[in-house]
Amino acid sequence: MLAYELHQFRSAELRRQAADARLVREAVRSRRAARHAETAGDAAEPDGAHTAGPGRRRLPRTA
């Protein structure tokens, strides 16, 4: 009988740990989504903004 009660206790503890882990993953996921939405809003530049970014490479001038 003692082994059965220990098994039940351990099983309940593992379920609690799994639920806590799910909550942590959900919180991390929602923070990441909020950060992504925030940066996506910043990326939308207004009209008239310069279009030549730092990634644009030009050919060197010829002599």
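The structure reproduced in this document is the subject of the present report. (Residues numbered from 1 in each chain as written. Predicted model: local features only at pLDDT ≥ 70, side-chain atom pairs only at ≥ 80, totals over all residues. Heavy atoms only, no water.)

### Re the overall build of the chain
Regarding its fold elements, the chain presents one helix and zero strands. Counting all 63 residues of the chain, 0% fall into the buried class. For the chain, the exposed area adds up to about 6,500 Å²; of that, 57% sits on carbon and sulfur atoms. (Helix = DSSP H or I, 4+ residues; strand = E, 2+ residues; numbered from the N terminus. Buried < 20%, exposed > 50% of the residue type's maximum accessible area, 1.4 Å probe, protein only. Areas by Shrake-Rupley, 256 points an atom, 1.4 Å probe, with all protein chains shown as cover.)

### Some thoughts on the pattern of salt bridges
In total, this model carries one salt bridge according to the counting rule given. Across the pair Arg 16 and Glu 13 runs a salt bridge, and its minimum N-O distance is 2.9 Å. On the criterion of helical spacing, the pair formed by Arg 16 and Glu 13 is a turn pair, its members being three residues apart in helix α1 (residues 2-43). On the basis of relative accessibility, which here comes to 24%, the residue Glu 13 falls in the partly exposed class. (Salt bridge = Lys/Arg side-chain N within 4 Å of Asp/Glu carboxyl O.)

### Some points on a positive patch on the surface
Where like charges cluster on the molecular surface, the positive patch consists of Arg 22, Arg 25, Arg 29, Arg 31, Arg 32 and Arg 35. Following the sequence through the fold, Arg 35 ends up in helix α1. (Patch = residues over 30% accessible without salt bridge, like charges linked within 9 Å, V, L, I, M, F, W, Y side chains within 5 Å. Lys, Arg positive; Asp, Glu negative; His and termini not counted. Charge placed at Lys NZ, Arg CZ, Asp CG, Glu CD.)

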